[in-house]
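Chain residues, written in single-letter form:
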Amino acid sequence: MAVRKETLEQALLRTKGIHDVLDYFPRKYHSFHKIVSPSGEQIGQTCLFSGYLQRVVRYPDKLSLRVRIQKTDGFADLMFVTLFHRQWEFSSFLKLEGETVYIAGKLGCFLTDKNVQFFSVSSPIMVTDKVEEILGVTPVYRNIRGFQQKGIREAIKEDLGKQRAEIIPEYLLKKRRLCGRNQAYQWIHAPENLAQARCGLQYVVYEDLLYFGIRLEMEAREKTDVSPFIISKSPLPQLPYAGTKDQKGAIEWITDTLAEGQRADVLLQGAVGCGNSV
């Protein structure tokens, strides 16, 4: 199912508060490098399988795919793939009946009847008719009602070619050994291996921490701001004696500094008995 990027952006903004599709990060990654034949030893493992889609059945709360997996001995196994709450994909899978499909998911329980084994896969990661879409490292996104994983990836792919301004200064990138922002998005959404995905996510985490640190610093500065210190009249005329030159200079400097409205640390130094208390 083709998904318009504008529609996906609206769904993300409405449900996740995300304005940019590239900020919709994968929840995990799966690495598939070969197609395997199902067996009892693989129960509970996440693998990539292939077979002929024989039938698609729609139920009120799920879709059921019956897949025939040919064996080298001339017999065939059957795999039943269950997709919960994805009835809107019925027409897409109906077009694939009789075609080869590729299923990535966790292999469930199986039964044996003579020479035929029956396997199950519930809530697969992906079901597609194009193996190149699933071989390698595949990002898995949180499901959004009305959107397939394939559609989400296609919409994100449209934006990967656009250049985005770098946020982190160059010296910090070198100091922390981080990749750039555009490279990070490329490695997060279309990694060639898991190491690239980790490097991309490392950049995003550092960027969030940098924003958080800047925000804390700004809040701290706002809290330390003080109201301008205003003296209606000089305290010196109220004293029974005239202030010395040093006393007048110190009072003038302190009052001017406080009048700026910023926090100030002032150290008044003088010998005992020279009028520091004034």
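Our subject is the structure that appears above.
Now for a quick tour of the structure. In this text the structure is predicted, and so the values were computed from the model without any measurement.

A word on the packing of aromatic side chains. Under the definition given, this model contains two aromatic pairs. With 6.0 Å between their ring centres and 15° between their planes, Tyr24 and Tyr141 make a pair best called stacked. Of this pair, Tyr24 sits in the loop between helix H1 (5–15) and strand S1 (28–32) while Tyr141 sits in the loop between strand S9 (136–140) and helix H3 (149–160), and the two are 117 residues apart along the sequence. A single burial state applies to Tyr24 and to Tyr141, both of which are buried.

Considering all chains together, one arrives at zero disulfides under this definition. Cys179 supplies the cysteine sulfur nearest to Cys199, a cysteine that is in no disulfide, at a spacing of 6.5 Å. The exposure class assigned to Cys199 is partly exposed, which follows from its relative accessible area of 35%.

Leu65, Val67, Met79, Val81, Phe93 and Ile103 are the most contacted members of the largest nonpolar core, which totals 21 residues. Not counting residues within four places of it along the chain, the set of residues in contact with Met79 comprises Pro38, Phe49, Leu65, Arg66, Val67, Ile69, Ile103, Leu107, Phe119 and Val121. Among the nonpolar cores identified, the runner-up in size contains 15 residues, and Ile18, Leu22, Ile156 and Tyr185 belong to it.

With that settled, the discussion passes to the environment of Ile152. Looking at where Ile152 falls in the secondary structure, it is placed in helix H3. The spacing of Ile152 and Arg142 is 10 residues in sequence and 9.8 Å in space, taken between C-alpha atoms.

Taken in spatial order, the seven strands of this open sheet run S6-S7-S4-S3-S2-S5-S8, and their pairing is mixed. The two strands at the open ends of the sheet, each matched to only one other strand, are strand S6 (111–113) and strand S8 (126–128). Across the sheet, the mean angle separating the axes of adjacent strands is 30° when strand polarity is ignored. By the bridge criterion, three bridges tie strand S5 (residues 100–106) to S8 in an arrangement that is antiparallel. If you follow Ile103 over to S8, its bridge partner there is Val127.

What follows concerns the side chain of Glu89. By the element assignment, Glu89 lies in the loop between strand S4 (76–84) and helix H2 (90–94). Of the residues examined, Glu89 reaches a relative accessible area of 1% and is grouped as buried. Among the polar contacts made by the side chain of Glu89, one reaches the side chain of Arg86 at a distance of 2.5 Å. Once you skip the residues sitting within four places of it in the chain, Glu89 turns out to touch Leu63 and Gln148.

Turning our eyes to something else, we now look at helix H7 (residues 245–258). For H7, which comprises 14 residues, the first-to-last C-alpha distance of 20 Å matches the rise-based estimate of 20 Å (1.5 Å per residue) to within 8%. Within the span of H7, buried status applies to Gln247, Ile251, Thr255 and Thr257. On an axial view of H7, the arc spanned by its buried residues comes to 160°, and they lie on one face. Exposed residues lying more than 90 degrees from the buried face of H7 are Lys245, Asp246, Glu252 and Trp253.

With respect to the helices and strands, the residue Pro38 is situated in the loop between S1 and strand S2 (46–58). For Pro38, a relative accessible area of 7% translates into the label buried. In sequence terms Pro38 and Leu48 are 10 residues apart; their C-alpha atoms lie 9.1 Å from each other. Sequence-distant contacts of Pro38, defined by excluding residues within four places in its chain, comprise Phe49, Ile69, Met79, Leu107 and Phe119.

What follows covers unusual backbone geometry. Positioned with a positive phi, His85 is a non-glycine residue whose angle comes to about 55°. Tracing the backbone shows His85 in the loop between S4 and H2. Non-glycine residue Arg177 carries a positive phi angle of around 55°. In this structure, Arg177 sits in the loop between helix H4 (170–176) and helix H5 (181–189).

For the structure shown, the criterion picks out seven salt bridges. We note a salt bridge from Asp159 to Lys162, for which the minimum N-O separation is 3.2 Å. Taking the relative accessible area as the measure of exposure, Lys162 reaches 44% and is therefore partly exposed. Notably, a salt bridge pairs Arg181 with Glu207, separated by 3.7 Å at the nearest N-O pair. Of this pair, Arg181 sits in helix H5 while Glu207 sits in helix H6 (residues 194–224); the two residues are 26 residues apart in sequence, bridging distant segments of the chain. One exposure class covers both Arg181 and Glu207, and it is buried.

This next bit is on H3. The end-to-end C-alpha distance of H3 is 17 Å, a good match for the 16 Å that 12 residues give at a rise of 1.5 Å each. Within H3, burial applies to Gln149, Gly151, Ile152, Arg153, Ala155, Ile156, Asp159 and Leu160. Here the buried face of H3 lies against H1, S8, S9 and H5.

Parameters at a glance
Each chain carries its own residue numbering, running from 1 in the direction its sequence is written. In keeping with the predicted nature of the model, local features appear solely for residues at pLDDT of at least 70, side-chain atom pairs appear and are counted solely at 80 or more, and the whole-chain, interface and lining totals rest on all residues. Think of the side-chain values as coming from all heavy atoms in the structure, minus any hydrogens and water. Pairing of aromatic rings covers Phe, Tyr and Trp, the last through its six-membered ring, and needs centres within 6.5 Å; plane angles under 30 degrees mean stacked, over 60 mean edge-to-face, and all others mean tilted. Strands are runs of DSSP state E lasting at least two residues, helices are runs of H or I lasting at least four, and both sets are numbered from the N terminus onward. Think of it in three bands: with a 1.4 Å probe and only protein chains considered, a residue is buried below 20% of the maximum accessible area for its type, exposed above 50%, and partly exposed in between. In what follows, a disulfide is any cysteine sulfur pair within 2.5 Å. To qualify as a nonpolar core, a set must consist of buried Ala, Val, Leu, Ile, Met, Phe, Trp, Tyr and Cys residues joined through side-chain atoms within 4.5 Å. The contact rule is simple, with two residues in contact once any of their heavy atoms fall within 4.5 Å. The pairing criterion for strands is at least two bridges between them, as found by DSSP. Here the axes come from fitting lines to C-alpha atoms, over the contacting stretch only for helices, and the angles between their N-to-C directions go from 0 to 180 degrees. Two N or O atoms count as a polar contact when they lie within 3.5 Å, although within protein this holds only if one can serve as hydrogen donor and the other as acceptor, and sequence-adjacent residues are included solely when both atoms are side-chain atoms. Expected span of a helix, by definition, is 1.5 Å for each gap between consecutive residues, and there is one gap fewer than residues. By definition, the arc is the one covered by directions from the helix axis to the C-beta atoms. Here a salt bridge means any side-chain nitrogen of Lys or Arg lying within 4 Å of a carboxyl oxygen belonging to Asp or Glu.

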